[in-house]
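# A structural walkthrough
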Amino acid sequence: MGESSSGGTWRRAGFAGAAIGVLAAGAAAGVAVERLTVGRSVRRKARLALDSAGPYGGLRGTPGRALADDGTVLYYEVDEIDEVGEVGAGDRAEASARLRRLFGRREPAPVTVVFSHGYCLNQDSWHFQRAALRGLVRTVHWDQRSHGRSGQGVTQAGPDAVPVSIDRLGRDLRAVVDAAAPDGPLVLVGHSMGGMTVMAFAEQYPELMRERVAGVAFVGTSAGKLHEVTYGLPVLGVNAVRRILPGVLRTLGAQAELVERGRRATADLFAGLVKKYSFASKDVDPAVARFAERMIESTPIDVVAAFYPAFAEHDKSASLPALRDLPVLALAGDRDLVTPSSHTEAIAALLPDAELVIVPDGGHLVMLEHPEAVTDRLADLLVRAGAVPRPAAAGTEPGES
């Protein structure tokens, strides 16, 4: 094959890989490349500079590994309550200030908060919430199978590979809970696919939910009917893409190396897609946008292919009423094109006592775009769940008279 033909093949595969990769992470094909007046070399240098200087995604905790029931190794990290306080007086003062801002008290919360991330992301997508709660509340951050530092799904590998199901992810979450938080109260937090994972967990383990789960947060997620989402595009075009996409993904997944080279060759298009479908704000921090882009582009196309069918089949609306007696947060960005806020409103409609929060000017990655809004609502959830007792009297700190 000649160089011109080879280059054309890579270019076509790149455009397909970029479009489908971002569709899988919460996007769709058909967005124009931004900043056409800026040279490609300038944009490339800017990306490299952000990669080297970007401050996001570097928080690390005590590592651990859980074994899923099919043998897949699931990676997680635990941030204990006392990790920050043991470093020094300055860190203790900073942690105390964060705790007082979030909870209005000095004592740590006796609960483990388990964060589940979305499709084509990893545990670092909760960077800002992790930083805010670090040292104050025991937290577990894990990478879903085939994402981040977790192993490739055993049942998704080889000639007999099967697509991932949301129920499978619910069982994975159970393995992580058993390994990282085998006892004590839990608060489960899930974004997008992570929220679906929590729904599957709740459906499959009702007894554990009753005995140990003190609260649940759904962020930018859906209980079903994802086949109705148009991603802000014409309905006919989206329906046509849906009909052919599973087959296209399987084909691209079998040519992963070629597609990945193509995705790198079309980095500008990829960046434009990520920004459009991840964020709604015009002034989102470029370092945050590049951080999201890196997470998404690190997801191989064969992983994209293995997970995609699960979303068309996802329907957990019947399992939600089991959460009626729990404090629940249902939060979304008002301009989320991937899981529109109407899906979050539908979740809240099935849980009348849930706190419904629609964040203005928020996109799909609302926890990165408007971190304080999300973190503050999570703090409120912990208070409502009893993980952080309310002060006995207004203006009186515990222990004061």
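To start, this report covers the structure provided alongside it. (Residues numbered from 1 in each chain as written. Predicted model: local features only at pLDDT ≥ 70, side-chain atom pairs only at ≥ 80, totals over all residues. Heavy atoms only, no water.)

For the chain, the helix and strand inventory stands at 16 helices and 8 strands. Expressed as a percentage of its 401 residues, the buried residues of the chain come to 55%. If you take every contact in the chain between residues at least 6 apart in sequence, the share linking residues at least 24 apart comes to 80%. Taken as a whole, the chain presents about 17,200 Å² of accessible surface, with 54% of it coming from carbon and sulfur. (Helix = DSSP H or I, 4+ residues; strand = E, 2+ residues; numbered from the N terminus. Buried < 20%, exposed > 50% of the residue type's maximum accessible area, 1.4 Å probe, protein only. Contact = heavy atoms within 4.5 Å. Areas by Shrake-Rupley, 256 points an atom, 1.4 Å probe, with all protein chains shown as cover.)

Turning our eyes to something else, we now look at the pattern of salt bridges. Taken as a whole and assessed by the stated rule, the structure comprises 21 salt bridges. When the shortest N-O distance is used, the salt bridge between Arg 60 and Asp 124 registers 2.9 Å. In this pair, Arg 60 sits in the loop between α2 (40-53) and β1 (62-67) while Asp 124 sits in the loop between β3 (109-116) and α4 (127-133), placing the two residues 64 residues apart along the sequence. Taking the relative accessible area as the measure of exposure, Asp 124 reaches 11% and is therefore buried. A single salt-bridge network, built from bridges that share partners, covers Arg 60, Glu 77, Asp 79, Asp 124, Arg 130 and Arg 134. (Salt bridge = Lys/Arg side-chain N within 4 Å of Asp/Glu carboxyl O.)

With that out of the way, let us pick up unusual backbone geometry. Despite not being glycine, Cys 120 has its phi angle at roughly 65°, a positive value. For Cys 120, the location among the structural elements is in the loop between β3 and α4. Overall, Cys 120 belongs to the buried group, its relative accessible area being 0%. Positive phi values are uncommon outside glycine, yet Lys 225 reaches one of about 65°. Here Lys 225 is to be found in the loop between β6 (213-219) and α8 (235-253).

This part takes up the packing of helix α5 (residues 166-180) against helix α6 (residues 193-204). Contact geometry of α5 with α6 gives a least axis separation of 7 Å together with a crossing angle of 80°. What the angle tells us is that α5 and α6 run roughly perpendicular. For the pair α5 and α6, the contacting residues are Ile 166, Asp 167, Leu 169, Gly 170, Arg 171, Leu 173, Arg 174 and Val 177 in the first and Met 193, Met 196, Thr 197, Val 198, Ala 200, Phe 201, Glu 203 and Gln 204 in the second. (Axes fitted to C-alpha atoms, helices over the stretch in contact; angles between N-to-C directions. Parallel < 35°, antiparallel > 145°, perpendicular 65-115°, else oblique.)

Counted according to the given criterion, the structure contains 6 aromatic pairs. For the pair Tyr 56 and Phe 291, a centre-to-centre distance of 6.0 Å together with 40° between the ring planes defines the contact as tilted. You can see Tyr 56 sitting in the loop between α2 and β1 and its partner Phe 291 sitting in helix α11 (residues 286-297), a full 235 residues away along the chain. Just as Tyr 56 is buried, Phe 291 falls in that class too. With a centroid separation of 5.1 Å and an interplanar angle of 55°, the aromatic rings of Phe 115 and Trp 126 are classed as tilted. Of this pair, Phe 115 sits in strand β3 while Trp 126 sits in the loop between β3 and α4, and the two are 11 residues apart along the sequence. An aromatic cluster of at least three residues, connected via ring pairs, comprises Tyr 56, Phe 128 and Phe 291. For the cation-ring pair, Arg 174 lies above Tyr 205, with the distance from its terminal atom to the ring centre recorded as 4.8 Å. In this structure, Lys 276 packs its charged tip against the face of Tyr 277, placed 5.7 Å from the ring centre. (Phe/Tyr/Trp six-rings, centres within 6.5 Å; stacked < 30°, edge-to-face > 60°. Lys NZ or Arg CZ within 6 Å of the ring centre and 35° of its normal.)

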